[in-house]
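Geometric and topological summary
Residue-level listing of the chains:
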Amino acid sequence: RADLGYLEDATEILNRGIKYARTVRDRQLQARLVLKQSSFIGFVDPTLGLELAEKGISLLEPKKDPHLDLVGRHLLAFWTNELGDPEEATAILATYRYMYDRFTDVFWAGRLLQLKANIARTEGDLRKAEGYFRELVELYAEHSFEFDLVLASIDLAEVLASQARVVESGQILSHLYPVLEAWRLHGDILRSWKIMQEVVERRKVQASAIRELAMTLRRKWYRRD
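Residues numbered from 1 in each chain as written. Predicted model: local features only at pLDDT ≥ 70, side-chain atom pairs only at ≥ 80, totals over all residues. Heavy atoms only, no water.

Counting 37 residues, the largest nonpolar core has Phe133, Tyr140, Ile154, Trp193 and Leu217 as the members making the most contacts within it. A per-element tally of this core places helix H8 (residues 146-162) first, with 10 residues. What Tyr140 contacts, discounting residues up to four positions off in sequence, is Val106, Gly110, Arg111, Phe145, Asp148, Leu149 and Ala152. Core analysis: the second largest hydrophobic core is formed by 31 residues, Leu14, Phe40, Ala89 and Tyr100 among them. (Core = buried A, V, L, I, M, F, W, Y, C linked by side-chain atoms within 4.5 Å. Buried < 20%, exposed > 50% of the residue type's maximum accessible area, 1.4 Å probe, protein only. Helix = DSSP H or I, 4+ residues; strand = E, 2+ residues; numbered from the N terminus. Contact = heavy atoms within 4.5 Å.)

Here is the structure:
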């Protein structure tokens, strides 16, 4: 359900698994499922995402699963920043930065770059955020992470537009559109993308509008109806 963009439904469905994990007294499974809920619903409701991240961390058995430990701390920092507290998010990242070094795959390298970029953006350091987002786009392009590449490109376009560099922002959107068409994505994505191109070209783009485009992608990426 989450892959199809039904983030709220997926979060609710996981409650069944959490209930089972509680019944069999498997705290680690319970923690895993709660953190999964956080990773879904946080994009819709970051306050709830943060609450679930904190709950999931409280259920973890220390040092039993380093990967799950990292998931919890990453979500904690991610939603804290989304709620407008980059200083606290930076402190969380600094405390648990060593955890990322245990996992050198593209997924976690990308998640770390994204978190740094998001924090810089929230702090208002758009040049720094731009640098991180450019690295992120290059990383995902090199390794064919298509979904993540498109989302990172949207973030980069937003940061450029926020610096009044609308030509560069528009170029990113226009260059990607034929690729999206070739992937035969949902019509709502293509229509939203076209509208955003036009808005950028008219120099009337707002960060909230670009965020809405990103949410459309999350909800419709794997859907064809």
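Inspection of the entire model under this criterion finds 11 salt bridges. The partner of Asp101 in a salt bridge is Arg97, with the nearest N and O atoms 2.9 Å apart. The class of Arg97 is partly exposed, set by a relative accessible area of 28%. Counted as one network, the salt bridges with shared partners bring together Arg127, Glu130, Arg134, Arg165 and Glu168. (Salt bridge = Lys/Arg side-chain N within 4 Å of Asp/Glu carboxyl O.)

In the contact formed by helix H2 (residues 27-41) and helix H3 (residues 46-59), the axes pass within 8 Å of each other and the chain directions differ by 165°. When the axes of H2 and H3 are compared, the pair comes out roughly antiparallel. Seen from above, H2 lies across H3 with left-handed handedness. Seen from H2, the contacting residues are Arg27, Gln28, Gln30, Ala31, Val34, Leu35, Gln37, Ser38 and Ile41; seen from H3, they are Leu48, Gly49, Leu52, Ala53, Lys55, Gly56, Ile57, Ser58 and Leu59. Its residues placed into classes, the contact of H2 with H3 shows nine nonpolar, seven polar and two charged. (Axes fitted to C-alpha atoms, helices over the stretch in contact; angles between N-to-C directions. Parallel < 35°, antiparallel > 145°, perpendicular 65-115°, else oblique. Left-handed = near helix turned anticlockwise from the far one by under 90°. Nonpolar A, V, L, I, M, F, W, Y, C, P; charged D, E, K, R; others polar.)

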